[in-house]
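Close look at the chain arrangement
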Amino acid sequence: MFFDFASIKGVMAMTPSPAAERRRWIRYPANLGTFWQTVTGQEICYSARVQDLSQGGVRLLVNQRFEPGTLLRILLNKAVEARLVHATPTPDNKWALGCEFTMVLSEQEVESLLQNSGRQSRLNS
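These notes cover the structure that comes with them. (Residues numbered from 1 in each chain as written. Predicted model: local features only at pLDDT ≥ 70, side-chain atom pairs only at ≥ 80, totals over all residues. Heavy atoms only, no water.)

**Observations regarding the overall build of the protein chain**
The secondary structure content of the protein chain amounts to 1 helix and 8 strands. N-terminal to C-terminal, the α/β element order of the protein chain is β-β-β-β-β-β-β-β-α. Within the protein chain, contacts between residues at least 6 apart in sequence are counted, and of these 48% link residues at least 24 apart. Accessible area for the protein chain stands at about 8,400 Å²; split by element, carbon and sulfur atoms hold 55% of it. (Helix = DSSP H or I, 4+ residues; strand = E, 2+ residues; numbered from the N terminus. Contact = heavy atoms within 4.5 Å. Areas by Shrake-Rupley, 256 points an atom, 1.4 Å probe, with all protein chains shown as cover.)

**Details of the sheet that holds strand β3 (residues 28-38)**
Strand order in the closed barrel formed by 6 strands is β3-β4-β5-β8-β7-β6, and the pairing between neighbours is antiparallel. Within this sheet the neighbouring strands show an average axis-to-axis angle of 45°, counted without direction. Where strand β7 (residues 79-89) and strand β8 (residues 95-101) come together, 7 bridges link them in antiparallel fashion. Bridging from a neighbouring strand, H86 pairs with G98 of β8. (Pairing = 2+ DSSP bridges. Axes fitted to C-alpha atoms, helices over the stretch in contact; angles between N-to-C directions.)

**As for the side chain of Q55**
Note that Q55 resides in the loop between β4 (46-53) and β5 (57-62). Only 2.8 Å separates the side chain of Q55 from the backbone oxygen of L105, close enough to count as a polar contact. (Polar contact = N/O pair within 3.5 Å; in protein donor to acceptor, adjacent residues only side chain to side chain.)

**Description of the pattern of salt bridges**
Per the stated rule, a full pass over the model turns up 6 salt bridges. Its salt-bridge partner being D52, residue R27 comes within 3.2 Å of it at the nearest N-O pair. One end of the pair, R27, is in the loop between β2 (11-16) and β3; the other, D52, is in strand β4, with 25 residues separating them in the sequence. Note that D52 and R59 form a salt bridge whose closest N and O atoms lie 3.2 Å from each other. Salt bridges here are not isolated pairs; linked through shared partners, they connect R27, D52 and R59. (Salt bridge = Lys/Arg side-chain N within 4 Å of Asp/Glu carboxyl O.)

**With respect to the pairing of β3**
Note: β3 against β4, 7 bridges, orientation antiparallel. By the bridge assignment for β4, T34 is matched with A48.

**Some thoughts on the nonpolar core**
By size, the foremost hydrophobic cluster in this structure holds 24 residues, and its most contacted members are W36, L60 and I74. Counting residues per element, the ones that place at least two in this core are β3, β4, β5, β6 (71-75), β7, β8 and α1 (107-124). (Core = buried A, V, L, I, M, F, W, Y, C linked by side-chain atoms within 4.5 Å. Buried < 20%, exposed > 50% of the residue type's maximum accessible area, 1.4 Å probe, protein only.)

**Here we look at the environment of S112**
Along the chain, the position of S112 falls in helix α1. Among the residues examined, S112 registers a relative accessible area of 27% and is labelled partly exposed. Each C-alpha atom of the pair S112 and L76 lies 9.9 Å from the other, and the pair is 36 residues apart in sequence. At 2.9 Å, the side chain of S112 forms a polar contact with the side chain of N77.

See below:
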């Protein structure tokens, strides 16, 4: 990550430079239960929680690790395919899977999913 350094009253403050932000899409936090499977023809479905969502991808919280590069089919408003970019362990022995969609979602699809996420959060409270 690149930083611009600015001196404020003798104290050095670090702020990310615009060049450091490489994301193409705005990420929206979510809390949506879903299911997914690998695209290898297996019929095994796994449960997941959508942690954030953008037009270009999704972060899933799951119980098992898979290898980056794995193609996934994720059930959102419809089944979408994504490539697993990274798998990061979490402190609670789960895995955060960063996935890039093979086809960009429309703004309307993202908005609809976020509305569903809000409804589901209220139902689970």
